[in-house]
Amino acid sequence: MFVRFPHLIRCVALAGLLLGLPGGPARAQTPVPPPAQLAPAPAVAAAPASPRRLDDFLLVARQNSPLLRETANQISQNRIDSLVRARQNGVQVGGIGSALYYPSITNSRGESVLGYDNAVTNGGNYAAIAQATKPILNRFQLQNDYQIIANQGLVLRNTGRLSALDLRRTITDQFLMAYAAESQLSFSRSLLGQLRQQDGQLRQLVNAGVFKQTQYLSFYLSVRTQEVAVEQNRLAYRRELGTLRALAGVADTALISIEVPTPPTHRPLAGLLAPSQLRLGLDSLRLLLDRRAVDAYYRPRVSAVLDAGLQSSSYLPIALARSVGIGGGLQLNIPIFDGHQRQLQYQRLKLSEQSRRGYRQYLTVQRRQQYEQLEGLIQASDALLARIREQVRVADALVGAARQQLATGDVAILDYLNLVTSYRQLQFSLTQAETDRLRSRFALDYLGEQ
């Protein structure tokens, strides 16, 4: 016997309402009627041709995902399975035709030397019969079959939700990588523009004898190095953007800028109705239905049978014309002994339930640990960002002051380049910290819904 575990009551009760199961022990009920027709597909918003926002990429990815389309088709197939089961419980009509001749060879004394006993074969069997059968007194089995199909539909819908969440997480992670690459490219371009603007001023100062030619060459080398950095950042951004488009199924190669992602709100950890938790609850319900299916298999099966046609031992027209008739009755099938397979099936289901409980306990602890870890990472990222922003503010002020002094020759070029290098490193650290914080925020949002 399976035992209902307290931590699964909410999931099983919810799925039980959807499947028509009672909250207590399983009892025979009125069969669940199958759907009359397939529901129309919901309208989907048009996706932009060249998305820039995270939401647009997610919309395009959902529309282009073959996995989500396959899941939707499987849900429609599940509805068809319910209709098929309803037809199987209806009247089934089949035709039976046979034309068998049993020859017999006799000797001169009239004794049979080859052939079956005529008392058994009647010399032949010629039949053309239409037979109709209808299962009756099978409410328990029919109801359980409907509930198994409904459970499969719930599992498919829940699987679709998990697939959509995984797709959202994949697209979001890649979008953040592309956003970080674009932010680095934007900063490199801005810094290169400032250096090029100062290059003309330094040329004039070198010609005026304020700076030496060797000092200017160091600055010139820094400008060329920054140009290489801009090209490298452009290639990195093109690569990350191309990967993002490939994941979303966007057929576009133009190098465009993407918009700043909006951080999600702080979502609490999802409970028993979350897709990952509900999946295990549906597994428990399926094991219960499988046990009921075993019980239904060992119940007596009764079918009503009606046939009409002709059946004769002679192929002569007169004999065939006089052999037309009808027949009817009941067919009863009672399992008696099969080597205790029923108890073996019970043991198999019990082991499956033990495995399911192990996964449930592991998943609960793992999700809580990940959620608390992400909350701690977000708090640490907030503190780190505050420090880096303050350092960037100070470095920006120092670079600005040094830029003004550089124009008058009051600061050495090498000192100014050292400040620029430190400022570049701080800006890179700021970009990485902001991206890591966004990634943790989105991961926490995903875990809260998953």
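Values in this document were obtained by computation on a predicted structure and should not be read as measured data.

**Let's talk about the packing of helix H9 (residues 341-408) against helix H10 (residues 413-449)**
At a minimum axis distance of 7 Å, the contact between H9 and H10 shows a crossing angle of 155 degrees. Between H9 and H10, the angle is such that the two are roughly antiparallel. Every pair of crossing elements has a handedness; the one defined by H9 and H10 is left-handed. Residues of the contact of H9 with H10, tallied by class, amount to 24 nonpolar, 6 polar and 9 charged.

**Some details on H9**
Its 68 residues give H9 an end-to-end C-alpha distance of 96 Å, which sits within 8% of 100 Å, the value for a rise of 1.5 Å per residue. The positive-phi residue at the C-terminal boundary of H9 is Gly409, with phi of around 80 degrees.

**Structural notes on a nonpolar patch on the surface**
Together, Leu332, Ile334, Ile336 and Phe337 line one region of the surface with nonpolar side chains, adding up to about 520 Å² of accessible area. Looking at where Phe337 falls in the secondary structure, it is placed in the loop between strand S6 (324-333) and H9.

**Thoughts on the pattern of salt bridges**
Under the definition given, this model contains 20 salt bridges. The partner of Arg437 in a salt bridge is Asp382, and the shortest N-O contact between them spans 2.3 Å. Of this pair, Arg437 sits in helix H10 while Asp382 is found in helix H9, placing the two residues 55 residues apart along the sequence. Linking Arg389 and Glu434 is a salt bridge whose minimum nitrogen-to-oxygen distance equals 3.6 Å. Of this pair, Arg389 sits in helix H9 while Glu434 sits in helix H10, and the two are 45 residues apart along the sequence. In this structure, a network of salt bridges that share partners links the residues Arg168, Arg267, Asp445 and Glu449.

**Topic: the nonpolar core**
In terms of nonpolar packing, the biggest core is built from 49 residues, with Phe57, Ile171, Leu202, Phe219, Ile258 and Tyr416 touching the most fellow members. Going through the elements one at a time, helix H2 (54-64), helix H5 (139-207), helix H6 (213-248), H9 and H10 are the ones with two or more residues in this core. Grouped together as the second largest cluster of nonpolar side chains are 5 residues, Tyr371, Leu374, Ile378 and Leu444 included.

**Quick word on the packing of aromatic side chains**
On inspection of all chains with the given rule, the structure shows 4 aromatic pairs. A ring pair is formed by Phe187 and Tyr423, whose centres lie 5.6 Å apart and whose planes are at 65 degrees; its orientation type is edge-to-face. One end of the pair, Phe187, is in helix H5; the other, Tyr423, is in helix H10, with 236 residues separating them in the sequence. The interplanar angle of 40 degrees and the centroid separation of 6.4 Å between the aromatic rings of Tyr216 and Tyr220 together place this pair among those described as tilted. Of this pair, Tyr216 and Tyr220 both sit in helix H6, 4 residues apart, which is roughly one turn of the helix. Lying over the aromatic face of Tyr220, Arg224 brings its terminal NZ or CZ to 4.4 Å of the ring centre. The ring of Phe140 carries Arg299 above its face, with NZ or CZ at 3.9 Å from the centroid.

**Digging into the sheet that holds S6**
Here we have 4 strands laid out as an open sheet, ordered S1-S4-S5-S6, and antiparallel in their pairing. The sheet terminates laterally at strand S1 (92-101) and S6, the two strands that pair on one side only. Taken pair by pair, the neighbouring strands of this sheet meet at an average axis angle of 20 degrees, ignoring direction. Across 10 bridges, the pairing between strand S5 (residues 301-312) and S6 is antiparallel. By the bridge assignment for S6, Ala308 is matched with Ile326.

**Describing the packing of H6 against H10**
Here H6 crosses H10 at 20 degrees, and the two axes come no closer than 9 Å. Judged by the angle between their axes, H6 and H10 are roughly parallel. Judged by the sense of rotation from one axis to the other, the crossing of H6 with H10 is left-handed. Together, Gln215, Tyr216, Ser218, Phe219, Ser222 and Gln226 of H6 and Ile413, Leu414, Tyr416, Leu417 and Arg424 of H10 make up the contact between the two elements. Looking at the contact of H6 with H10 residue by residue, the class counts come to 6 nonpolar, 4 polar and 1 charged.

Procedures and definitions
- Residues numbered from 1 in each chain as written.
- Predicted model: local features only at pLDDT ≥ 70, side-chain atom pairs only at ≥ 80, totals over all residues.
- Heavy atoms only, no water.
- Axes fitted to C-alpha atoms, helices over the stretch in contact; angles between N-to-C directions.
- Helix = DSSP H or I, 4+ residues; strand = E, 2+ residues; numbered from the N terminus.
- Parallel < 35°, antiparallel > 145°, perpendicular 65-115°, else oblique.
- Left-handed = near helix turned anticlockwise from the far one by under 90°.
- Nonpolar A, V, L, I, M, F, W, Y, C, P; charged D, E, K, R; others polar.
- Expected span 1.5 Å × (residues − 1).
- Patch = residues over 30% accessible without salt bridge, like charges linked within 9 Å, V, L, I, M, F, W, Y side chains within 5 Å.
- Areas by Shrake-Rupley, 256 points an atom, 1.4 Å probe, with all protein chains shown as cover.
- Salt bridge = Lys/Arg side-chain N within 4 Å of Asp/Glu carboxyl O.
- Core = buried A, V, L, I, M, F, W, Y, C linked by side-chain atoms within 4.5 Å.
- Buried < 20%, exposed > 50% of the residue type's maximum accessible area, 1.4 Å probe, protein only.
- Phe/Tyr/Trp six-rings, centres within 6.5 Å; stacked < 30°, edge-to-face > 60°.
- Lys NZ or Arg CZ within 6 Å of the ring centre and 35° of its normal.
- Pairing = 2+ DSSP bridges.
- Contact = heavy atoms within 4.5 Å.

Functional significance is not addressed by these values, which are geometric in nature.
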